[in-house]
Amino acid sequence: MEMADLLALSARYIDNDIYEGAGLVNRPTTELSELADGVALIEAFSHVVTFKTGDGLVLFDTSLEAFADGVLKSLRRWTDEPVSNICYTHGHADHVGGTGAFVCEACDKGARRPRIIGHENVSPRFRRYELTNGYNFTINARQFAPATELRMGGEQPKAGPGRFGPNPWVDPDTTFRDRLDIRVGDTHFNLHHAIGETDDHLWAYVPQHKAICSGDFITWVFPNAGNPQKVQRYPLEWAKALREMIAMEPELLLPAHGLPIGGKARIASVLDNIATALETLVEQTLAMMNAGARLDDIVKSVKLPSKLMDKPYLRPVYDEPEFVIHNIWRLYGGWYDGNPARLKPAPDAELAAEMARLAGGARILADRAAALADAGDLRLACHLAEMAAQAAPEDVHVHGVRAAVYGARRKAEASLMAKGIYGFAERESAKAVAAHNSAEK
């Protein structure tokens with residue numbers, strides 16, 4: 001794509017508050033676009049940003065392992081310069097997985113191995129992933145199932161054991177704690193550590209180009225600060241990092257997901273709106289926590305105004321504000337949600353069995369769940385459908401209702417995370433129904 005195209009597209013969306021779907025701003029095409037003289041962005045599962053320096057290429061991230069070959073081909077159509085430095089914005093697999101391909105390329109060409117730069121917490125993250133490989137494989141199969149359903153023909157993603165992440169993880173050989181300024185050829189890079197989505201994140205200011213490489217601080221979806229299946233995130237510190245970026249007065253913003261953005265005022269407005277959304281959630285949640293509210297009350301009460309949620313780069317199509325509230329509670333208040341019955345609760349299956357006895361049977365619970373779903377009360381319907389299935393785990397009628405209820409819930413949700421979890425539950429029960437019907441034949 002030509003230099004002006006991506007920047008013109010992002011300007012059109014931002015300036016006119018136009019939203020035409022997440023797929024038009026997050027495009028894993030592996031196509032390279034030159035955005036300024038010697039500055040290019042390769043769109044992939046996460047983008048690869050590259051700078052020509054006169055002393056080799058400096059890359060920010062390497063995308064997923066599966067995208068590395070396509071990224072390399074696009075890069076080599078642009079330049080034959082060797083890669084001298086790779087900077088990890090953070091240690092998520094979709095940002096570091098392709099590194100091995102670049103290391104192998106250097107080896108095959110007899111070139112110097114790229115220096116790999118990252119925050120000091122990147123390597124501990126990799127070790128944690130190795131300790132929790134099966135868990136991470138399972139939750140990522142569940143989380144990203146909606147994005148892969150069409151490719152897989154609706155087949156249930158396989159849970160562990162499987163490999164999560166690249167094999168092997170390629171650790172940084174140059175690390176820093178708070179800030180690292182490097183010069184490569186004729187280009188300076190100011191690397192800043194900040195916590196937000198992760199504890200090992202960096203963002204970079206490149207003075208020569210008045211550019212910021214923002215990693216996942218900007219993703220063109222609502223900030224991934226509440227992921228229900230992942231470790232702690234830090235929304236207030238995230239907002240602080242965005243405001244520090246504004247202070248640099250950048251004229252080119254190069255995110256790891258979504259479209260690049262040009263223009264000082266436009267960039268400042270985007271960063272300010274995202275920071276304000278996060279700050280507002282933290283402020284309102286903490287105010288209710290300090291007043292003694294339960295988590296349940298906070299989730300029902302705290303909302304963001306439509307003037308923020310309607311922005312094309314703040315749509316809740318991946319993460320969503322409700323999940324961020326849970327993470328704020330966990331960060332400042334722990335895991336106890338304020339309901340004493342849930343401090344040391346009865347096992348779910350025992351509670352479900354008791355509720356089924358009171359109702360007159362698991363099928364009555366299931367049928368009530370179906371009626372509630374038909375009436376549009378999907379939240380309550382899910383509770384009853386889940387209880388019915390736990391009270392009667394072999395009942396095919398119950399599983400049929402559970403599949404239908406969670407299927408309706410999946411379709412009604414906006415965020416990929418919610419769709420993934422509800423879809424997983426839907427397929428569990430659909431599989432149970434299919435197994436029963438097969439055995440009956």
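One can find the structure itself at the top, above this paragraph.
What counts and how
Residues numbered from 1 in each chain as written. Predicted model: local features only at pLDDT ≥ 70, side-chain atom pairs only at ≥ 80, totals over all residues. Heavy atoms only, no water. Core = buried A, V, L, I, M, F, W, Y, C linked by side-chain atoms within 4.5 Å. Buried < 20%, exposed > 50% of the residue type's maximum accessible area, 1.4 Å probe, protein only. Helix = DSSP H or I, 4+ residues; strand = E, 2+ residues; numbered from the N terminus. Contact = heavy atoms within 4.5 Å. Pairing = 2+ DSSP bridges. Right-handed = clockwise from strand over helix to strand, strands pointing away. Axes fitted to C-alpha atoms, helices over the stretch in contact; angles between N-to-C directions. Parallel < 35°, antiparallel > 145°, perpendicular 65-115°, else oblique. Left-handed = near helix turned anticlockwise from the far one by under 90°. Nonpolar A, V, L, I, M, F, W, Y, C, P; charged D, E, K, R; others polar.

Peer 1: Before we move on, can you summarise the nonpolar core with the specific residues and values?
Peer 2: Membership of the largest hydrophobic core comes to 70 residues, with the highest contact counts inside it found for Phe 51, Phe 60, Phe 189, Leu 191, Trp 220, Leu 242 and Leu 254. It is helix 9 (residues 264-290) that contributes the most residues to this core, 10 residues altogether. Beyond its immediate sequence surroundings of up to four residues, Leu 242 is in contact with Phe 217, Ile 218, Leu 271, Ile 274 and Ala 275. Counting residues in hydrophobic clusters, the runner-up holds 27 residues, among them Ala 362, Ala 381, Leu 384 and Val 398.

Peer 1: So, the pairing of strand 4 (residues 57-60): which residues are in play, and what are the values?
Peer 2: Burial along strand 4 is two-sided: the face carrying Leu 57 and Leu 59 and the face carrying Val 58 and Phe 60 are both buried. Bridge count for strand 3 (residues 48-52) against strand 4 is four bridges, and the pairing is antiparallel. Among the inter-strand pairings, Phe 51 is bridged to a residue of strand 4, identified as Val 58. Adjacent in sequence and paired antiparallel, strand 3 and strand 4 are bridged by four residues, among which Gly 54 carries a positive phi angle near 90°. Pairing of strand 4 with strand 5 (residues 83-87), which is carried by four bridges, proceeds in the parallel orientation. Bridge pairing links Phe 60 to Cys 87 in strand 5. Running through helix 2 (residues 68-78), the crossover from strand 4 to the neighbouring parallel element strand 5 is right-handed.

Peer 1: I'd like a description of unusual backbone geometry, backed by residues and values.
Peer 2: With omega at 5°, the peptide bond leading from Asn 167 into Pro 168 counts as cis. Mapped onto the elements, Pro 168 comes out in the loop between helix 7 (145-152) and strand 7 (174-176). The residue Thr 30 is not glycine, and still its phi comes out positive at about 60°. Along the chain, Thr 30 turns up in the loop between helix 1 (3-16) and strand 1 (32-36).

Peer 1: I'd love a proper account of the sheet that holds strand 6 (residues 115-119), names of residues and values included.
Peer 2: An order of 1-2-3-4-5-6-7 is seen for the seven strands of this open sheet, with the pairing classed as mixed. The open sheet has two edge strands with one neighbour each: strand 1 and strand 7. Between one strand and the next, the sheet's axes are offset by a mean angle of 20°, whatever the strand orientation. Packing against the sheet, helix 2 makes contact with strand 1, strand 2 (39-42), strand 3, strand 4 and strand 5, and its axis sits at approximately 155° to strand 2.

Peer 1: Describe the sheet that holds strand 12 (residues 252-255), naming the residues involved and giving the relevant values.
Peer 2: In spatial order, the strands read 8-9-10-11-12-13; together these six strands make up an open sheet with mixed pairing. Each edge of the open sheet carries a strand with a single partner, namely strand 8 (179-184) and strand 13 (261-262). One ladder, built from two bridges, connects strand 12 with strand 13; its direction is antiparallel. Within strand 13, the position partnered with Leu 252 by the bridge is Gly 262.

Peer 1: Tell me about the packing of helix 8 (residues 235-247) against helix 9, and name the residues and values.
Peer 2: For the pair helix 8 and helix 9, the least separation of the axes is 8 Å and the interaxial angle reads 155°. Put simply, helix 8 runs roughly antiparallel to helix 9. For the crossing formed where helix 8 meets helix 9, the hand is left-handed. Touching Pro 235, Leu 236, Trp 238, Ala 239, Leu 242, Arg 243, Met 245 and Ile 246 of helix 8 are Ala 268, Leu 271, Asp 272, Ile 274, Ala 275, Thr 276, Leu 278, Glu 279 and Val 282, all from helix 9. Its residues placed into classes, the contact of helix 8 with helix 9 shows 13 nonpolar, one polar and three charged.

Don't take any of this as a statement about function, it's just geometry.
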